[in-house]
Amino acid sequence: MPRCVLYILLLCCLTACNRLPEVEGKLHAPYQRHTTQWADSMLLEMTTDEKIGQLLFLQTDLRDTTLEDSLFYWTKNYYLGGVLLKQLPVGQYVDIMDSLQRSAAIPLFNATDQQLALNNQFSDAVQLPLPATTSAIFSDSIQTQLNQLYLRQCQALGINFSFSPTVNFAQLPGGAYDMNTFESDEEYIIHRSSKRLHLLQDQKIIAVASSFRDLEYRQPQDSSTYVDSILHRYYNLVHNGLSGMLVDEKIYAIDTFDQLPPEFVSNYLERELEFEGLLVAQVDSPATVDRLIYAGTDVFVVKNNPRKVAEHLRRYVEEGLISKTQLNTRVRKVLLAKSWMGLDSLRPQVNIAEADHLLLNKGLEELSRQLYQSALTLVQNPDSLLPLRHIHRQHLKVATVGSNAQRSFRRFFDKYASAKYYRYEEDGKGQLKPLSTKRFKRATTIVTLDGIQLDSVRHRDWIASVNDLSQRAPVILVNFGNAFNLQHFDTTLTMVQAFESNTLNESLAVQLLFGAVQAEGRLPLALNEQLPYGQAAPPTPLIRLAYTVPEEVGIASYKLVGIDAVFKNAIQSGATPGGQVLIAKSGKVIYHKAFGHHSNNKKQPVQLTDLYDLASITKVAATTVAAMKLYGDKQFKMSDRFSKHLDVDKKSDIGKVTFKQLFTHQSGLQPNMPIAPFITLKDTVDMDCNPYFCKVQGGDFQVQIADSVYMDTRWVDTIWQNVLDLSTRRRKSFRYSDVNFNLIQYFIERATKQKIDEYVQEQFYEPLNLRYTTYNPLEQFDPEKICPTADDQRWRKQLLDGYVHDESAALFGGVGGNAGLFSNSGDLAVIFQMLLNGGQYGGEELLDPETIQFFTKKGHGNHRGLGFDKPAKRRRAVPSYAAKASPASYGHTGFTGPCVWVDPEHELIYIFIANRVHPDPFNRKLFRKKIRSRIHNIVYEAFDSHQPFVIDRSAPPVAGVEELQAGL
């Protein structure tokens, strides 16, 4: 039946016969049972203006600093009953409220309208998610902790009046979404709002439910539970002593208003709900005051200047439209409430230290992050499309739909994979251009919705195009904001829901796609039969590195600030022009920064995606991992002699060398490759062409060793033969040698019948989707993306930019077993996280854990692992690792400056990249200043430095926190 007809039938409404069960023993609002002595005596003394003032509640946003003086004027001259101040720094808020309370004749209600925590009311507080976000966290323990935070914030700030709990359903007319509501399930609304009610009023804080918007009248023949079902969520609150009700403004704007009797709202609530508490309404304009008075409003919430509203009320009293009895009844309610909360004898107390702790503490940032991550919802995941696997074989396309550009989404997406991006915005008619099946059908498409509310009519063609595409190809829908957008799509889509659009949520959504975080939220709305309340797909596995803050792994961010200082000092002292540092712990990247410039001319800043010459890190990031693959496949044993697998003289020194000796540098071979004749010939490179080199590529001159420098291909075999003819020392003690790993390269290439660069690309770099790891980077990247190394005036007569610094790797066309690899810190982290994971990463199984354990442990004849360096008690050279690195640690360094260390005991990866040989290859400042080990030490010293945020500091240090952390 139309609502307007129901309003007209008001006078013939009857009390229903079949009301829902009520709470036994109705509890009146607690202040109504309080002693009336102070309230009655005050009423006898108050003037009409003072009484009117007690009914006025001023709400103001003090970002406009010009309002501060007016605030004091209004409070004093209009005798305000309460204030709600927003967007002030916490300290200023405390000072202003203290002054206002001192100047007020009757203590003020000090209010908040926040539903979750008070943080978002203040300009300098750590911001927390909105209620719509936390509604997706189905955890009573977390909700209890958040309620406790809310209460303690109120107590610390002297807040005694709360416009909460909210009892609204999430959906607004037209499918709009109110971010300050929680859910659409009525029973959970009752459960949550009841907890908030008792929490507040047990501590004598007025609770005003918001917002009442369900004015439905009974008809004489109505013996059903229709009205009861509509009012069901209010019954519990009212019958447990709700102090106030904020009435939705739409009720006062109904077309049939003139046909309704006086005080129709207050009478309705009293008759249907037995509600006798404060009836509160917001005044949008003075013109609405008449309606609010007529409907029976007790307290008027006024935005900014209260003068017109006060004058309006005074005129009503003077003209008899509000009787003195009616005025006194309203004011008496307010005074009773103030007396009940103790304002008759004591003004609100403020604990500024506690307020700072509960609102400004940096620990709240981690709490906020955890709440956002816990609320992230994987609504459905057909065919287990997420997390995305085998991304090196997929064409990924991202269609961004809406008014927000989502730069953070793209920035984080690029950390994991490359994609083509498309942007769709509404045209002048509010319509969207449909997705082209031809464009997207051969791709995995990620559709993001942000800053748009879909309409089934206006966006019909676009919605149909997405649903049609999902029948032909994988489609992932990532919706930021209005969850009702999801109801338009087929169950063939994978759906991700994040209730707010911000940098953090964009990063979390991307990481969910790639298996770096898990979605723990559940749908707090019933959208349709396929998407019911509480819907969520099963948790997805964690298969890739996440990007987060140090606090998430127990490290305080400020403890890592020293890394910046050390690296900047390295740059200032000339140890290196720039570089990158990455720290990953427990599968999470917690620090990733680029420093300085490509060169000393400071023209080009280093980016995280820039490539560096890794020098000897090639030995582990390429040659050793390739050998580990072959070893795991039982292609060789460590005890095998070289001659067993290759056509070399068994009696030669090389033929007798074992693989174990090569990997541990105990072969007795010389340190350097036998290439002196090629790099010491005077002026060979300066000539146009000679038997060794030529400036122009052609004929047999095909091996490029630098810009406009090519070697005769035939010399490669000569170099290898020279290697195979080398003699070894009788004493097979440790002697670090590039020859060892070039021999391992020699074996790998013949065992696989592939060049080593092709083999590692196929077996490791492609499956890991490493987009910046390669030999001979100039074949794929512009020089601007590559940081230069030495200015080689001895041999190649040029600055090396994109050409390998190591001479032997250069003579092999840039591909050596000892050097030649270029990469950056992000890609290296993936390689070593794969090792830390036991050979798995991104859903790919690349090595077996037993092989990794075997290669990275000690006990192979010296302090080293197989291929990997290990911490040693005694070492001549300056170590690149921290003193606290565990004995299980393994890693390697490179001549150009980089190092990488993995500590399995602490699940720690440390990557340092620099081009310390630029432009001088003899620059040793990086070593003398111990830059690498100092940074590594900073990380170890930071362990366990983060103290989780504690809500109740009077309790034991971890009280409440462990439960919250476990719940999150």
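Residues numbered from 1 in each chain as written. Predicted model: local features only at pLDDT ≥ 70, side-chain atom pairs only at ≥ 80, totals over all residues. Heavy atoms only, no water.

**Details of helix H18 (residues 460-470)**
- Looking at H18, one finds that the buried residues are Trp-462, Ile-463, Ser-465, Val-466, Asn-467, Leu-469 and Ser-470.
- Where H18 is buried, its residues meet strand E10 (396-401), helix H17 (437-440), strand E12 (444-449) and strand E13 (475-480). (Buried < 20%, exposed > 50% of the residue type's maximum accessible area, 1.4 Å probe, protein only. Helix = DSSP H or I, 4+ residues; strand = E, 2+ residues; numbered from the N terminus. Contact = heavy atoms within 4.5 Å.)

**Some thoughts on the layout of surface pockets**
- Taken as a whole, the largest pocket spans an internal volume of roughly 1700 Å³.
- Lining the largest pocket are 49 residues, with Ser-616, Tyr-736, Phe-895, Arg-916 and Arg-924 positioned closest to its centre.
- Of all elements in the fold, only helix H24 (676-680), strand E23 (791-792), helix H28 (807-811) and strand E28 (890-893) reach the threshold of two or more residues within the lining of the largest pocket.
- Considering only residue class, the lining of the largest pocket consists of 21 nonpolar, 12 polar and 16 charged.
- The computed volume of the second largest pocket comes to approximately 690 Å³.
- Lining the second largest pocket we find 31 residues, and of these Asp-178, Asn-180, Ser-211, Leu-246 and Gln-282 sit closest to its centre.
- Taken together, the elements giving at least two residues each to the lining of the second largest pocket come down to strand E2 (82-86), strand E5 (206-212) and strand E6 (244-247). (1 Å grid on protein atoms, 1.4 Å probe; cavity = no way out; pocket = protein on both sides within 12 Å on 5 of 7 lines; lining within 4 Å. Points joined across faces, edges and corners; volume = space filled by probe spheres on them. Nonpolar A, V, L, I, M, F, W, Y, C, P; charged D, E, K, R; others polar.)

**Remarks on the side chain of Asn-168**
- Examined against the element boundaries, Asn-168 turns out to sit in the loop between strand E4 (161-162) and helix H8 (186-201).
- Within the structure, Asn-168 has its side chain in polar contact with the backbone nitrogen of Ser-211 (distance 3.0 Å). (Polar contact = N/O pair within 3.5 Å; in protein donor to acceptor, adjacent residues only side chain to side chain.)

**What about the sheet that holds E10?**
- The strand order E9-E14-E13-E12-E10-E11 describes an open sheet built from 6 strands, whose pairing is mixed. Each edge of the sheet is formed by a strand with only one pairing partner; in this case those strands are strand E9 (377-380) and strand E11 (420-424). In this sheet, adjacent strand axes meet at a mean angle of 20° when their direction is disregarded.
- Where E12 lies against E13, 5 bridges are found, and the strand directions are parallel. If you follow Thr-445 over to E13, its bridge partner there is Val-475. (Pairing = 2+ DSSP bridges. Axes fitted to C-alpha atoms, helices over the stretch in contact; angles between N-to-C directions.)

**What to know about empty space enclosed by the protein**
- Taken as a whole, this structure holds 9 cavities of 30 Å³ or more when the rule is applied.
- Here the largest cavity defines a volume of roughly 140 Å³.
- As for the largest cavity, its lining consists of 13 residues, and the residues nearest its centre are Gln-143, Asn-147, Phe-182, Arg-192 and Arg-196.
- Contributing elements (two or more residues each) for the lining of the largest cavity: helix H7 (140-157) and H8.
- The class makeup of the residues in the lining of the largest cavity is 5 nonpolar, 4 polar and 4 charged.

**A look at the sheet that holds strand E21 (residues 709-712)**
- Spatially, E19-E21-E20 is the arrangement adopted by the 3 strands of the open sheet, whose pairing is antiparallel. Strands at the two margins of the open sheet, each flanked by one partner only, are strand E19 (693-694) and strand E20 (701-706).
- With 4 bridges joining them, E20 and E21 adopt antiparallel strand pairing. Residue pairing across strands places Ala-706 opposite Val-709, the latter belonging to E21.
- Strands in contact with helix H25 (residues 714-724) are E20 and E21; relative to E21, the strand with the most contacts, it is inclined by about 65°.

**What about the pairing of E6?**
- Residues Gly-244 and Leu-246 point to one face of E6 and Met-245 and Val-247 to the other, with burial holding for every one of them.
- Two elements, E5 and E6, share 4 bridges in a ladder whose sense is parallel. Considered in E6, the bridge of Phe-212 is made with Val-247.
- Note that E6 and strand E7 (residues 278-283) share 3 bridges and pair parallel. Its bridge partner being in E7, Met-245 is matched across the sheet by Leu-279.

**Re the confidence of the model for the protein**
- Put simply, the protein has an average pLDDT of 91, and 93% of its residues get 70 or more.
- Across residues 1-25 the pLDDT falls below 50, and counting only partners more than four positions away or on other chains, this stretch makes 50 contacts in the model.
- In this model, residues 956-968 is a region of pLDDT below 50 whose contacts with residues beyond four sequence positions or in other chains number 21 contacts. (pLDDT = per-residue confidence, 0-100.)

**Details of the state of the cysteines**
- Under the criterion given, the structure shown has 1 disulfide.
- A sulfur-sulfur distance of 2.0 Å marks the disulfide that ties Cys-689 to Cys-694. Torsion about the S-S bond of the Cys-689 and Cys-694 cystine: about -115°, corresponding to left-handed handedness.
- By relative accessible area, which is 37% here, Cys-689 ends up partly exposed.
- The buried category is assigned to Cys-694, whose relative accessible area is 9%. (Disulfide = S-S within 2.5 Å.)

**Quick notes on the packing of aromatic side chains**
- The tally for this structure, following the rule as stated, stands at 43 aromatic pairs.
- When the centroid spacing of 5.5 Å and the interplanar angle of 85° are considered together, the rings of Phe-663 and Phe-855 count as edge-to-face. With Phe-663 in helix H23 (residues 659-663) and Phe-855 in helix H30 (residues 849-856), the pair connects residues that are 192 residues apart, well separated along the chain. With respect to burial, Phe-663 and Phe-855 carry one shared label: buried.
- Three or more aromatic residues link up through ring pairs in this structure, and these residues are Tyr-631, Phe-636, Phe-642, Phe-659, Phe-663, Phe-741, Phe-747, Phe-854 and Phe-855.
- It is Lys-397 that lies over the ring of Phe-440; its NZ or CZ is 5.9 Å from the centre.
- The residue whose ring lies beneath Arg-916 is Phe-895, and the NZ or CZ to ring-centre distance is 4.5 Å. (Phe/Tyr/Trp six-rings, centres within 6.5 Å; stacked < 30°, edge-to-face > 60°. Lys NZ or Arg CZ within 6 Å of the ring centre and 35° of its normal.)

**Section: H7**
- Between its first and last C-alpha, H7 extends 26 Å over 18 residues, near the 26 Å set by a 1.5 Å rise per residue.
- Counting buried residues in H7 gives 13 out of 18 residues, a clear majority hidden from the surface.
- Phi for Gly-158, located one or two positions after H7, is positive at around 70°. (Expected span 1.5 Å × (residues − 1).)

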